[in-house]
Amino acid sequence: MGRGITGLILAPLPQPGRIELEWDRFACAAVGLSIDAPRLHRVVDNHNASIRAAVLRLQLGGCKRIGFVIDRKFDQRMHGKLTSGYFWQMNDTGKFIPELMHRPDKLGEDGFARWVREAKPDAIISGQPEVPGWLKGLGLRAPDDLAYVSLDLPSDDGSATGIYQDPEAVGA
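Here we summarise the structure given alongside this text. (Residues numbered from 1 in each chain as written. Predicted model: local features only at pLDDT ≥ 70, side-chain atom pairs only at ≥ 80, totals over all residues. Heavy atoms only, no water.)

Counting residues in each nonpolar core, the largest one holds 30 residues, and the members touching the most others are Ile-66, Phe-112, Ile-124 and Ile-125. Every element with two or more residues in this core is listed here: helix 1 (47-60), strand 6 (66-69), helix 3 (81-92), helix 4 (109-119), strand 8 (123-126), helix 5 (131-137) and strand 9 (147-150). The contact partners of Ile-66, leaving out residues within four places of it in the chain, are Val-55, Leu-58, Gln-59, Tyr-86, Met-90, Leu-100, Asp-122, Ala-123 and Ile-125. Among the nonpolar cores identified, the runner-up in size contains 8 residues, and Leu-13, Ala-30, Ile-35 and Leu-40 belong to it. (Core = buried A, V, L, I, M, F, W, Y, C linked by side-chain atoms within 4.5 Å. Buried < 20%, exposed > 50% of the residue type's maximum accessible area, 1.4 Å probe, protein only. Helix = DSSP H or I, 4+ residues; strand = E, 2+ residues; numbered from the N terminus. Contact = heavy atoms within 4.5 Å.)

Here you go:
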């Protein structure tokens, strides 16, 4: 028997922000971290644990110079959960090298290419969708030339290495 309470599940916003509504009329939950206000129950991937697992697997696979690529604004939208997980895992194993973290104000192909040439990572972790194409543009192939781990695989079909967040099952 229903109690006549209307429920809302709020999808992630394209940009972090607020939603104005008469909240006391609804039972609500948000997907992701982009809704800044009001404070709601939410479901979200454990981003910190995901990147820590990716770093650990690469380390166990013999990678020594594990780079991390993230747009600063996206990182802020994620409340630094990915960056803190990368730093935690790399620092925990005594392997943190500051220049291996590429976190520009605006992620772009030229800056990325310069970072790859200068930092010389043997592995890259990123959730930014442009990175695989940029690697190809530099003539680099994963896993032949360097390892690449995506933090946001579009599917779990085995065609790429990384974390599949299973968006359709989040919160189920």
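On we go from here.
With respect to topology, 3 strands assemble into an open sheet ordered 1-3-5, the strand pairing being parallel. Two strands bound the open sheet, and with one partner strand each, they are strand 1 (6-10) and strand 5 (41-43). Averaged over neighbouring strand pairs, the angle between their axes works out to 25° when direction is ignored. Pairing between strand 3 (residues 26-31) and strand 5: 3 bridges, direction parallel. (Pairing = 2+ DSSP bridges. Axes fitted to C-alpha atoms, helices over the stretch in contact; angles between N-to-C directions.)

So, about the packing of aromatic side chains. Considering all chains together, one arrives at 5 aromatic pairs under this definition. Where Phe-87 meets Phe-96, the ring centres are 4.8 Å apart and the plane angle is 75°; that geometry is what we call edge-to-face. The exposure class of Phe-87 is partly exposed, given its relative accessible area of 37%. For the ring pair Phe-112 and Trp-134, a centre distance of 5.5 Å and an interplane angle of 45° mean the geometry is tilted. Residue Phe-112 is found in helix 4, and its partner Trp-134 is found in helix 5; the two are separated by 22 residues along the sequence. With respect to burial, Phe-112 and Trp-134 carry one shared label: buried. Stacked on the ring of Trp-88, the Lys or Arg Arg-52 has its end atom at 3.6 Å from the ring centre. (Phe/Tyr/Trp six-rings, centres within 6.5 Å; stacked < 30°, edge-to-face > 60°. Lys NZ or Arg CZ within 6 Å of the ring centre and 35° of its normal.)

Coordinates in, geometry out; function isn't part of it.
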